[in-house]
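# Architecture at a glance
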Amino acid sequence: MLQAQLTIDPAHRVAPVRRRTFGTFVEHLGRCVYTGIYEPGHPTADEEGFRGDVLALTRELGVSTVRYPGGNFVSGYRWEDGIGPREQRPRRLDLAWHSTETNEIGIDEFIRWTRVAGLEPMMAVNLGTRGVQEAVDLLEYCNIPSGTALSDLRIANGAKDPHDIRMWCLGNEMDGPWQIGHKTALEYGRIAAETARAMRMVDPSLELVACGSSGSSMPTFGTWEATVLEETYDLVDHISCHAYYEEKDGDLAGFLACASDMEHFISTVVSTADQVGAKLGSRKKISVSFDEWNVWYLSRVQAAEPGQDWPVAPPLLEDHYHLADAVAFGSLLITLLRHSDRVAAACMAQLVNVIAPIMTEPGGRAWRQTTFHPFAQAARHAKGDVVRVEPVCPTYETAEFGAVPVLHAVATRDETETTLFVVNRSTAEPVELELDAGALGAGTGAVRIVEATTLTHEDVYARNTADDPDRVAPRPNTSHRSDPLRIVLPPVSWNVIRLSRA
Ligand code: AHR
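Throughout this document, residue positions are counted from 1 along each chain, in the order its sequence is written. Local features in this predicted model are restricted to residues of pLDDT 70 or higher, and side-chain atom pairs are both shown and tallied only at a pLDDT of 80 or more, whereas totals for entire chains, interfaces and linings draw on every residue. Computation of side-chain values covers all heavy atoms of the structure but excludes hydrogens and water.

## Looking at the domain arrangement of the protein
The condition that has to hold: Note that the domain bounds reflect an automated or database-derived domain assignment. Two residues qualify as a contact provided that any one of their heavy atoms is within 4.5 Å of a heavy atom in the partner residue. Note: buried area is the sum, over both parts, of the accessible area (probe 1.4 Å) each one loses when the two are combined.
Under the domain assignment used here, the protein contains domain 1 (2-9 + 386-501) and domain 2 (18-381). Distance from the C-alpha centre of domain 1 to the C-alpha centre of domain 2: 30 Å. Listed per partner, the contact involves 43 residues of domain 1 and 35 residues of domain 2. Among the residues domain 1 hides against domain 2, the three largest losses belong to F401, H408 and W494. Together they make up 18% of the total.

In C-alpha cells:
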C-alpha cells in the first residue's frame, strides 16, 4: 500500500465554484437530439416529445449550462430551417456528420427543453458557411422582446417571451481542417471580431466566446490564440478550449495522467491571453470556456457506415465508458475546478448517446454510463470556494508527461462542509491517504469524515449496460479512521470525501 498526506487549508482558496463548470453539450449529431433528448412516442415522452427518462437523468446529473447546436454541425447550419411549422421544415444534408438533418428540433424547441430541464442555454453561431448578418438575425430572433420582423416571427412561432441567451460561441473549431469553412487564425479573428462587434450593437452585455484551439496538439496551438485575441480582445469575454482523451496502445497509466495535458492546455492559453492583453495595454482578463472536453475514442469508427447514405440520426460516437474512463474523466473535472480562477465555463461533450454520460435505447431504456457518476457527484457536492490541495504522494513515470503524482485532487468548501475530490491513478496500488484538516477551524482531531464514496471496480474495463446499469457506481468507502484522519483509496478510483467539524 502506498502512503500519502494531504493538507486542506482554506487559505489556499482559488476562486468560487462556478456553476458553469458543470455545463454540457447537445449537438445535432447521431442520436443526441433524435432518440436522445427527443423521441415522440417514447413511453416517457411529454406532449412535446421530450423523453422524460432523459430529463430526469439530466436533472440528476446536475448540469448547469448546455451548448447548442454544435459542434461541427453548426458550421453548415441554417438556423431558419428549424423554426415555424414542422411540416414545412426542409430536410438538409449535414456535411459534418454525413447525415440527414430533419429539422424537427430547432431553436424554439431546444429552448423549451432547456426550460423544462432547468438549464442555461449557450448558443453557437455559424461562422463556417455564414457570417455577421445571420448571427445578428439569430440574436434578434432569440433575444429581442418584440416589435421587429424576427422577434415577431418568434412570437408567431409560439415563443412569446424572448429566449434571453446570454452566452454565445462565435463559431466552432475554426482552426480545424475538418471544419466546414475552416479558416486561418487571421481570417477567423477578423470575422469573429466583426460578428462580435455587430452582436454587441444589439446587446453590449452578451458574453461572447472566441474559438481557441481544438486541442493542444494542433500545429497552430498558441499562435492561433494570440492572433485571434489580437483581433478580438476588447470584443470577447472568453476563448474556447476543446480536448478529448483516450487510452492509446494499451497505456492505461499514461491515459490516467491525461489531465496533465489539460493542465498544460489551460496554463498556456491563459498565459497567451495575458500576453496579448499586456501587448494591447489592456487590464481586461480573458477567461477560458472549456466548452468541449471528455474521453472520446476518436481513433475508432466515426462516420456513418458505408451503404448508409445520409442516414437520419445514425448511432455515431456511441462510446461505452468503463471504470478507467470515469477515473480519467474525474481527473479532468478536478483540473477544471482547480483552474476556476480562469476557467469560467466548461461543457462536457456531450449529454446523451454521443460520447455521453447518458445512454438510451430508441423506444426503450436509459441508463447512466460510468462517467455520469464523477460529474453528478462533483456537481452536487462542489460548493462555496475551490481550495487548492497538493497531495504529498509517490509519482509514476509516463511516456507522454514524465513523472506524474499517483493522486490528483481538489477541495471545495462552504460554511457547513468541505469536500475532497481525489483520484488514485495507480493501476496496481491502493493509497492510504492521511488528511490534515486542522486548518478547517477547530484544530486537528476536530474534523471528521461525514461520508466517503468510491467509484472503482476489480475490472478496470467494467462498463454499465442497460441490463446491468449499476455495475460501476459509487459505493460507500468505510475504510476511514480518525486520529489521524485517514482513508484507503483503491487503485484506479474516483473518491468523494465529505468532511465536517466533529
Ligand atoms: O463533440 C464531437 C465533436 O468534436 C464536435 O462536433 C466538434 O466540435 C469536435 O471536434
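## Quick notes on the site of the ligand
Where we set the bar: Being near a molecule or strand, for a residue, means having at least one of its heavy atoms within 4 Å of it. Two N or O atoms count as a polar contact when they lie within 3.5 Å, although within protein this holds only if one can serve as hydrogen donor and the other as acceptor, and sequence-adjacent residues are included solely when both atoms are side-chain atoms. For every accessible area listed, the method is Shrake-Rupley and the probe measures 1.4 Å; residues are considered covered only by the protein chains on display.
Surveying the vicinity of the ligand reveals the residues F25, E27, G71, N72, W97, N172, E173, Y244, E292, W296, Q350 and I355. The contact in question runs from an oxygen atom of the ligand to an N or O atom on the side chain of E27, over 2.6 Å. One nitrogen or oxygen atom from the side chain of E292 is found 2.7 Å from an oxygen atom belonging to the ligand. Protein burial of the ligand: of its 290 Å² of free accessible surface, 96% is covered by the chains.

## Details of the sheet that holds strand β20 (residues 431-436)
The condition that has to hold: Pairing between strands requires that DSSP locate at least two bridges from one strand to the other. Segments assigned H or I by DSSP are reported as helices when at least four residues long, segments assigned E as strands when at least two residues long, and all are numbered from the N terminus. Axis definition: a line fitted to C-alpha atoms, over the contacting stretch in the case of helices. Angles run 0 to 180 degrees between N-to-C directions.
Strand order in the open sheet made by the three strands is β1-β20-β23, with mixed pairing throughout. What marks the edges here is a single partner per strand, and that holds for β1 (2-7) and β23 (486-489). Across the sheet, the mean angle separating the axes of adjacent strands is 25° when strand polarity is ignored. When β1 meets β20, the two strands line up parallel, connected through six bridges. Residue L6 lies in a different strand from β20, and its bridge partner there is L435.

## Here's the deal with the packing of helix α1 (residues 52-61) against helix α10 (residues 372-381)
Note the cut-off: Angles below 35 degrees are treated as roughly parallel, those above 145 as roughly antiparallel, those between 65 and 115 as roughly perpendicular, and all remaining angles as oblique.
Look at α1 against α10: their axes get within 8 Å of each other, and the N-to-C directions meet at 55°. In this view, α1 runs oblique relative to α10, as classed from their interaxial angle. Taken together, the residues of α10 that come into contact with α1 (itself represented by L57, E60 and L61) are F372, F375, A376 and A379.

## Remarks on the side chain of E225
Rules: When accessible area is computed with a 1.4 Å probe and restricted to protein chains, residues below 20% of their type maximum are described as buried, those above 50% as exposed, and intermediate ones as partly exposed. Here the positive residues are Lys and Arg and the negative ones are Asp and Glu; neither His nor the chain ends is included. Within this document, salt bridges are pairs made up of a side-chain nitrogen of Lys or Arg and a carboxyl oxygen of Asp or Glu, the two lying within 4 Å of each other.
Within the secondary structure, E225 sits in helix α6 (residues 223-232). Of the side chains bearing the opposite charge, R342 lies closest to the buried E225, which forms no salt bridge; the N-O distance is 13 Å. Among the polar contacts listed, one links the side chain of E225 to the backbone nitrogen of G222, at a separation of 2.8 Å. If we ignore the near neighbours within four places in the chain, the residues touching E225 are G212, S213, T220, I239, V269 and T272.

## Quick word on the pattern of salt bridges
As a working rule, side chains carrying opposite charge can pair if their charged atoms are close by. If you walk through the whole model with that rule in mind, you get 31 salt bridges. When the shortest N-O distance is used, the salt bridge between R498 and E417 registers 2.8 Å. Placement of R498 in strand β24 (residues 493-501) and of E417 in the loop between β18 (407-413) and β19 (418-424) is noted, with a sequence separation of 81 residues between them. Residue classification places R498 among the buried residues on the basis of a relative accessible area of 17%. For the salt bridge of E451 with R498, the shortest nitrogen-to-oxygen distance reads 2.6 Å. Of this pair, E451 sits in strand β21 (residues 447-455) while R498 sits in strand β24, placing them 47 residues apart in sequence. In this structure E451 comes out as partly exposed when scored by relative accessible area, which is 32%.

## A closer look at α1
All of the buried residues along α1 are D53, V54, L55, L57, T58 and L61. Structurally, α1 contributes buried residues whose contacts are with α2 (107-117), β12 (343-349), β13 (358-360), β14 (366-368) and α10. G62 sits one or two positions beyond α1 and adopts a positive phi of about 80°.

## Observations concerning the environment of M218
Within the secondary structure, M218 is located in the loop between β9 (207-210) and α6. By relative accessible area, which is 14% here, M218 ends up buried. Spatially, the C-alpha atoms of M218 and D175 are 8.2 Å apart, while their sequence positions differ by 43 residues. Excluding its chain neighbours within four sequence positions, the residues that come into contact with M218 are D175, G176, P177 and W178.

## Concerning the environment of I334
Examined against the element boundaries, I334 turns out to sit in helix α9 (residues 323-338). Residues I334 and T220, 114 residues apart in the sequence, show an inter-C-alpha distance of 27 Å. I334 has contacts with H408, A409, V410, F421, V422, V423 and W494, leaving out every residue within four places of it along the chain.

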